[in-house]
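# Secondary and tertiary structure notes
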Amino acid sequence: MSVGRRAVVTAGAGLALALAGAPPARSEGHPRMRTLFLAGDSTAAQKYADAAPETGWGMALPFFLHRGVRVANHAVNGRSTKSFLDEGRLDPILKELRPGDLLLIQFGHNDEKVADPTRYTEPWSTYQDNLRVFVEAARSRGALPVLATPVERRRFAVDGTALRTHGAYPAAMRETAAASDVPLLDVEALSLALWQRLGPEATTRYFNWTATEQDNTHFNPPGAIEVARLVADELLRTHVLAPRETRRLADEIPTDLITWPEPGSAAEFEENRP
């Protein structure tokens, strides 16, 4: 049975929040790189050469972080809080988590799949229960858990209004964050506002629209970069990261900095970082 389904020891919210923006831990007189572990779904996950130009926003996040903060992207296509935990995917994260590290948790897209019992969770019960497993597990390692509401899909009403697509899941996550005293990155609200500013036509240049498909859930390089910028802005605004740990938040990021490794490589630990 995986760690995700075992009882976890809560180190306490006070300890975890005190670690936000803290300098990297030191080992034998040298600073240790702080790691941001990312647990999530396909919208954030590392993509490989056979999926290009599809791009997870986690691939672009390092562009906005200084070298003292490393990104370990454990997000996986198609996973919900339930399937991620049931498959034991939290276990390798917990083996590597150290005091001062971050665990950024973004799920919702696949928790919504009512017809799939391996992934579906109910927003006000099992979804919140699973989020608390991630939170308590991170705290048990002295790391800081951070919840991020799911990024919005591209969906517009006939009058051009950007539509919410995630039902009660963002509200359920907000409630969990408040009750558990966890920093919240409201990516759902921010991305919805971004799509509204861009409008129906311009947003097609941010999603994975190709000659063969019109994908309104996943991103291409420009979209991944802009969502990663939202995430980095929120990490700074919520004081999860200190100003010295972020960079280029207002800069234009060249899309050719995105790279897609070949399948089978350990790409989640190989950052797109110029």
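Look a little higher up for the structure.
Right, let's walk through the structure included here. (Residues numbered from 1 in each chain as written. Predicted model: local features only at pLDDT ≥ 70, side-chain atom pairs only at ≥ 80, totals over all residues. Heavy atoms only, no water.)

### Thoughts on the overall build of the protein
The secondary structure content of the protein amounts to eight helices and nine strands. Among the 274 residues that make up the protein, the fraction classed as buried is 54%. In the protein, the share of contacts with a sequence separation of at least 24, taken over all contacts with a separation of at least 6, comes to 77%. Roughly 11,600 Å² of accessible area belongs to the protein as shown, and the carbon and sulfur atoms make up 54% of that amount. (Helix = DSSP H or I, 4+ residues; strand = E, 2+ residues; numbered from the N terminus. Buried < 20%, exposed > 50% of the residue type's maximum accessible area, 1.4 Å probe, protein only. Contact = heavy atoms within 4.5 Å. Areas by Shrake-Rupley, 256 points an atom, 1.4 Å probe, with all protein chains shown as cover.)

### Thoughts on the sheet that holds strand E4 (residues 69–73)
With respect to topology, five strands assemble into an open sheet ordered E4-E3-E5-E6-E7, the strand pairing being parallel. If you trace the sheet from one side to the other, it starts and ends with E4 and strand E7 (184–185), each paired once. With four bridges joining them, strand E5 (residues 102–106) and strand E6 (residues 144–148) adopt parallel strand pairing. Opposite isoleucine 105, over in E6, you have leucine 147 as the bridge partner. (Pairing = 2+ DSSP bridges.)

### Observations regarding the side chain of arginine 229
If you trace the backbone, arginine 229 turns up in helix H8 (residues 221–237). Here glutamate 226 takes part through its side chain, which lies 3.0 Å from a polar atom of the side chain of arginine 229. (Polar contact = N/O pair within 3.5 Å; in protein donor to acceptor, adjacent residues only side chain to side chain.)

### A word on the packing of aromatic side chains
Throughout the structure, instances matching the rule amount to eight aromatic pairs. The interplanar angle of 45° and the centroid separation of 5.2 Å between the aromatic rings of phenylalanine 207 and phenylalanine 219 together place this pair among those described as tilted. Within this pair, whereas phenylalanine 207 is found in strand E8 (residues 207–209), its partner phenylalanine 219 is found in strand E9 (residues 214–219), the two being separated by 12 residues in sequence. Here the two residues phenylalanine 207 and phenylalanine 219 agree in accessibility, since each one is buried. (Phe/Tyr/Trp six-rings, centres within 6.5 Å; stacked < 30°, edge-to-face > 60°.)

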